[in-house]
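So the chains spell out like this:
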Amino acid sequence: MGLIPDDITIFKGDYQDRVPNIRRNPVQDWRYTTCGYCSTGCGIEVGVRDGRAVTVRGKAGHPVNDGKLCLKGIWEFEAINAPNRATVPLLREDIGQPFREAGWDAALARTAAEFRRVQQRHGRDALAVVSTGQIYTEEFYTLGKLVRGGLGTNNYDGNTTLCMASAVSGYKRSFGSDGPPGCYDDFEHTECLLAFGSNLVECHPVIYWRLKSALERRRFPVIVVDPRVTMFAQMADIHLPINPGTDVVLLNALAHVILVEGLADQGYIATHASGYDAWREEIARFAPEAAAPVCGIPARSIREVARIYAGAGAAMCIWTMGINQSTHGSDGVVGINNLSLITGNVGKPGGTALSITGQCNAMGTREFSSCSGLPGYRALENPEHRRFVADFWGVDEALFPAGRGPAMTDIFPAIERGEIKALWLVATNPMTSMPDTARTAAALRKLEFLVVQDVYHPLASAEFAHVMLPAAMWAEKEGCFTNSERRVNLVRKVVDPPGQAKSDLDIFLGVADAMGFTHLTARTPAQVMAEIGQVSAGRPCDYSGITYPALEAAGGIQWPAPPSADGAAQGSPRLYTDGRFHHPDSRARLIPLPFEDDNERPDAEYPFWLNTGRVVEHWHTRTKTGRIGNLNKFSPLPYLEMNPRDAAGLGIGPQDFARVRSRRGEVTVLVRLTERVAPGMVFIPFHFARGANLLTLGLLDPHSRQPAFKQQAVRVEKAARPAALAQEV
Ligand code: SF4
């Protein structure tokens, strides 16, 4: 018997053959796009034949990837041609009934009528809208204009709260605005890389290639902080296997050493930062010997790493979900920013604090969706910003609340409490992505009206929908993404969407028209982009010099990108190069970070830490990758990583299955025995509907409202091999 049992139905049919299927696809035309999976922002050309996308290739000479693609990118055209594309609007009266096919007029009329009914009867905030990081910036902007300037609900957020909210919050607290200050080119200049909670090799393979290429030209120390011995940790010079949820303690201890040993850049602090005295007082409590028992890193290692980092002429930090998905996520980001500030590593080549974002356009929603503010990083709390945007859009300023509303993770509890009666989900699948699946299902079942807008059907979340709106996907429409280094880039329309599917932009305009709103005057991607250029002029994310032809010619342009004297935007590789930040006094903030250990912890009943994360083959909730045979051949089902010593104690051997229980639920998964996880710790990838989020608790960060997906307690016991694991969607 091979590694995977043959009697599991998931391996039948398409996945029986485990050899990648690479066909020779004659191409008539190659068209320019940007990858629609992760935030790396690789340039891709799609090969077209007879109106179908038949292959892709990396764009040679592209400033991000120079022709390289990862596994997902290589087979991205198969996501377009998947058999489960949503092609026609669907309606039903109640969730127990079958869907029936409907025309767009009927689907939009029903949606508008229900939105109107719920808002008239229960108030504007009884309608909630939760979107995504997957659609184009032009679409985010239009959705924000519809929600803020028309529907007027403050229950509006994106699923980026599940992945990037802590980075946004931390940047705002430290620097006065969101926006990653560095770029990938910083690998070419840095003298030290400190990576927190980032499995770069699997989650951002092309950024990892950028790092490896820089290291081949010039050696510099790479230090990886991660509870698991990830592939990234395996290539590091130093791996710090930190205890889950204690990043703030390690960051404070590193700062303590830098301060005590006189390694801080006092000139930079005096000129560009405020809050030093209060911050120093807190840092005094975090001597390495005090921090070591909490974070699990020996005091001598803390000292060694602090000296390497502070002694480098230029040092950079990167991070992803290991920092963000924590009850201390925002504080973790602030801690990284604090380190950068006290060593003067902001805005200089190789010296930065660079969050590696998640979804292909998580940045676009941050810049222009109006979820947590108003477009162009304007604040709802600022009366001048509210007035400007209301005038610019030609809407009543009273529609804008004086502060941001609940995050996605607070919207679901509000549904449970009966405060929200109707929900519009746009390209997001909370039944797989939210913590504690059973609780999410109960909330969705309670809604009076749910509309799901997506490129695929069926989805787990659509089980509870009354209306399903079929959307065009990546490369079936035109628009822009922004990547992790603020590079705005273009996706050309390459093929037509299937059946009656429409671009998200056209769906938003259709809903607006059905509601009778008249302020959405920009009707095409180019018209919306022109409006974004106007509304963002002079703002931190200035797009005013950006045009589609310029994006294609340059392989993307990094904001701020005002027009230059000759009218062509040059873009800005780095922020804060002049040491001036976005707080009113132009200074960055050094913020004290007291530590409170508030995680669920292992105990006698649930003795293992459960960590969750990604695999290279899959994308988020597998709506895009779940039907791509070549990816499922490598990664067909959820599994549990467990240390062999723990497994031996439980009588679990290679290829056994295990039942994993938490206080929320249980799941039965294949066990992989590996030293990648330490004794006392297990790991499950989060992509599968019958996987990690049946178990997660999801305590929330108080600043960002992002859930802690990586710190919960479970118990594990040997289980019989399931008779069948049906194909998931
Ligand atoms: Fe796409 Fe990210 Fe892979 Fe590049 S690294 S091909 S952007 S999934």
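Everything that follows concerns the structure shown earlier in this document.
Now for a quick tour of the structure. (Residues numbered from 1 in each chain as written. Predicted model: local features only at pLDDT ≥ 70, side-chain atom pairs only at ≥ 80, totals over all residues. Heavy atoms only, no water.)

1. Observations regarding the sheet that holds strand S6 (residues 127–131)
In spatial order, the strands read S5-S4-S16-S15-S14-S6-S7; together these 7 strands make up an open sheet with mixed pairing. Only two strands of the sheet have a single neighbouring strand rather than two, namely strand S5 (100–101) and strand S7 (156–158). Where strand S15 (residues 449–454) meets strand S16 (residues 467–470), 4 bridges bridge the pair, whose relative direction is parallel. Its bridge partner being in S16, Asp-454 is matched across the sheet by Pro-470. Against the sheet, helix H18 (residues 408–416) contacts S6, S7 and strand S14 (422–426), and its axis sits at roughly 130° relative to S7. (Pairing = 2+ DSSP bridges. Helix = DSSP H or I, 4+ residues; strand = E, 2+ residues; numbered from the N terminus. Contact = heavy atoms within 4.5 Å. Axes fitted to C-alpha atoms, helices over the stretch in contact; angles between N-to-C directions.)

2. Topic: empty space enclosed by the protein
The full count for this structure, using the stated rule, is 5 cavities of 30 Å³ or more. The space that makes up the largest cavity amounts to roughly 550 Å³. Gln-134, Asn-159, Gln-359, Ala-427 and His-620 are the residues nearest the centre of the largest cavity, which is lined by 35 residues in total. For the lining of the largest cavity, the elements supplying multiple residues, two or more each, are helix H19 (430–433) and S15. Residue composition of the lining of the largest cavity, by class: 16 nonpolar, 14 polar and 5 charged. There is about 330 Å³ of room inside the second largest cavity. (1 Å grid on protein atoms, 1.4 Å probe; cavity = no way out; pocket = protein on both sides within 12 Å on 5 of 7 lines; lining within 4 Å. Points joined across faces, edges and corners; volume = space filled by probe spheres on them. Nonpolar A, V, L, I, M, F, W, Y, C, P; charged D, E, K, R; others polar.)

3. Concerning the nonpolar core
One finds Leu-194, Phe-196, Phe-232, Leu-250, Leu-423 and Trp-424 to be the most contacted residues of the largest nonpolar core, which totals 200 residues. Considering each element in turn, this core owes the most residues, 9 residues, to helix H9 (residues 247–260). Not counting chain neighbours up to four residues away, the residues in contact with Leu-250 comprise Phe-196, Val-225, Leu-240, Ile-242, Cys-295, Ile-297 and Ile-302. Counting 18 residues, the second largest nonpolar core, distinct from the first, contains Val-660, Val-682, Phe-686 and Val-716. (Core = buried A, V, L, I, M, F, W, Y, C linked by side-chain atoms within 4.5 Å. Buried < 20%, exposed > 50% of the residue type's maximum accessible area, 1.4 Å probe, protein only.)

4. Quick notes on the packing of aromatic side chains
This structure, assessed with the given rule, holds 16 aromatic pairs. Seen from their ring centres, Tyr-171 and Trp-319 are 5.8 Å apart, and the 50° between their planes marks the pair as tilted. Placement of the pair is Tyr-171 in helix H5 (residues 165–175) and Trp-319 in strand S12 (residues 315–319), with a sequence separation of 148 residues. On the basis of relative accessibility, which here comes to 0%, the residue Tyr-171 falls in the buried class. In this arrangement the basic side chain of Arg-85 is found over the ring face of Tyr-456, its NZ or CZ atom lying 5.9 Å from the centre. Sitting over the ring of Phe-99, Arg-92 keeps its end group 3.9 Å from the ring centre. (Phe/Tyr/Trp six-rings, centres within 6.5 Å; stacked < 30°, edge-to-face > 60°. Lys NZ or Arg CZ within 6 Å of the ring centre and 35° of its normal.)

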